[in-house]
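What follows is the residue order along each chain.
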Amino acid sequence: MARANAIAAKVRSLHGEQLDERDYAELLSRRNVPEIAAYLKNETHYKYALRDVRENNVHRGQLEDLLRKDVFREVIKLYRYANRKEAAYYHLYIEENEIKVILETLRMMISGRYDDAIIQLPLFLKEFASFDLMKIGAVRCFDDMLDVLAKTPYALLLAPYRQPKGEENDISYTACEHALMKHYYTKVMRTIDKIAKGKLQRDLRELHGLDIDLKNMEIIYRLKHYYHASGDVIRDSLYPFFTHVNSGQLEEMIAAQDDRSLLKLIRSTWYHLDIPDEAEVDIGWYMDALRFQTSKRRLYYAQQASVMFGAYIVLQRTELANVTRVIEGIRYQVPAERIKSMLIY
């Protein structure tokens, strides 16, 4: 109980330090990346992460990496407080980051942009990853990657999608991503059922079930809207977990004749998503906004440390995305009001 109370207190403290409307207004008034770095260093909870940074010399990629490292550092502190039984749930955060590294490696192979390999690696994960991060940064073909991942479950998941050396452009990124994320979601649900009972189990399943429900609806919309994919292709791309959107509702969405009908079905679900009836909709933004608002309420009312932790991860992921949007927007001279409209807080 003492460990859980310590985690809960720390999560509430971290949440209280997160960026608010005033912080985003200040960031949007900055003219370049060094000015953004200076504000984050001197006025926000990122001051520890940026303590050694010389604002005038920092570049965008370095700044974003330092911010991600700071978030990871704080999360690992929480992970180390967890008791042996619940540690498996907290460890899912590390596994999620492992999958991000693998997906980034796949993108690198497909694009052939090997020069960025080491630069883009989250080396702060090195101590905790189940594979050698430095070796995966040296990967140049699918077989290299399978060798690095040989002692992990990821190798078996990815082996069916192997392409010979020199044919990296033929790698099916979508199929690889689906295999990895299906494995991850399966492990999330199994871990919850193993470490939790009663209300805690229901709350954790609700938290992650919402994420999967929204992901499935977003997949259907994107595949139909942008690729005019067949029903079978869409079904194979979905994740077989259902919380408030059942398989029958998903089938109705797959069968929708046009975008307007599809968006109407999405709006009519339990989540009541407030998505406008427009020709071009950034549906992912609306999904993320709901994830954020739901997690914010959940963290406020939650009593269990693991639920608070799960909600905090969503909020912090959103904050990092916001800061990245500000950095990118100011770098490319996007009007402040336009950048503000893309933020979620």
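You'll find the structure just up there.
Okay, so let's go over this structure. Keep in mind it's a predicted model, so treat the numbers as computed, not measured.

The rules behind each value
- Residues numbered from 1 in each chain as written.
- Predicted model: local features only at pLDDT ≥ 70, side-chain atom pairs only at ≥ 80, totals over all residues.
- Heavy atoms only, no water.
- Helix = DSSP H or I, 4+ residues; strand = E, 2+ residues; numbered from the N terminus.
- Rg over C-alpha atoms; globule rule 2.2 N^0.38 Å.
- Buried < 20%, exposed > 50% of the residue type's maximum accessible area, 1.4 Å probe, protein only.
- Salt bridge = Lys/Arg side-chain N within 4 Å of Asp/Glu carboxyl O.
- Core = buried A, V, L, I, M, F, W, Y, C linked by side-chain atoms within 4.5 Å.
- Contact = heavy atoms within 4.5 Å.
- Phe/Tyr/Trp six-rings, centres within 6.5 Å; stacked < 30°, edge-to-face > 60°.
- Lys NZ or Arg CZ within 6 Å of the ring centre and 35° of its normal.

Turning our eyes to something else, we now look at the overall build of the protein chain. When its secondary structure is counted, the protein chain shows 17 helices and 0 strands. For 345 residues, the compact-globule formula gives about 20 Å, and the C-alpha radius of gyration of the protein chain, at 21 Å, lands near that figure. Along the first, second and third principal axes, the C-alpha set of the protein chain runs to 55 × 50 × 50 Å. Taken across its 345 residues, the protein chain has 49% of its residues classed as buried.

Moving on to the pattern of salt bridges. On inspection of all chains with the given rule, the structure shows 26 salt bridges. With a closest N to O distance of 3.1 Å, E95 and K187 form a salt bridge. Here E95, found in helix α5 (residues 87-111), pairs with K187, found in helix α10 (residues 173-195); they are 92 residues apart in sequence, far enough to count as distant. On the accessibility criterion, E95 (9% relative accessible area) is buried. Among the residues examined, K187 registers a relative accessible area of 34% and is labelled partly exposed. Across the pair D193 and R205 runs a salt bridge, and its minimum N-O distance is 2.9 Å. Here D193, found in helix α10, pairs with R205, found in helix α11 (residues 198-227); they are 12 residues apart in sequence, far enough to count as distant. For D193, a relative accessible area of 29% translates into the label partly exposed. When its relative accessible area of 32% is taken as the criterion, R205 is described as partly exposed.

Turning to the nonpolar core, a few remarks are in order. Among the nonpolar cores identified, the biggest contains 119 residues, and I102, L106, I136, M217 and I266 are the most heavily contacted of them. In this structure, I136 is in contact with V101, I102, T105, L121, F131, V148 and L149, ignoring residues within four places of it in sequence.

A few words now on unusual backbone geometry. In this model, H228 sits at a positive phi of 50°, which is unusual for a non-glycine residue. Turning to its location among the elements, H228 is positioned in the loop between α11 and α12 (231-237). On the accessibility criterion, H228 (67% relative accessible area) is exposed.

What follows is about the packing of aromatic side chains. The final tally for this structure, using the stated rule, is 13 aromatic pairs. For the pair F131 and Y154, a centre-to-centre distance of 6.3 Å together with 80° between the ring planes defines the contact as edge-to-face. Of this pair, F131 sits in the loop between α6 (117-120) and α7 (133-136) while Y154 sits in helix α9 (residues 153-158), and the two are 23 residues apart along the sequence. Residue F131 shares its accessibility class with Y154, and that shared class is buried. Geometrically, the ring pair formed by W285 and Y286 is edge-to-face, given 5.1 Å between the ring centres and 80° between the ring planes. Overall, Y286 belongs to the partly exposed group, its relative accessible area being 23%. Through successive ring pairs, a cluster of aromatic residues spans F72, Y93, F124 and F128. In this structure, R51 is placed above the aromatic ring of Y48, and the distance from its NZ or CZ to the ring centre is 4.0 Å.

Structural measurements only, silent on function.
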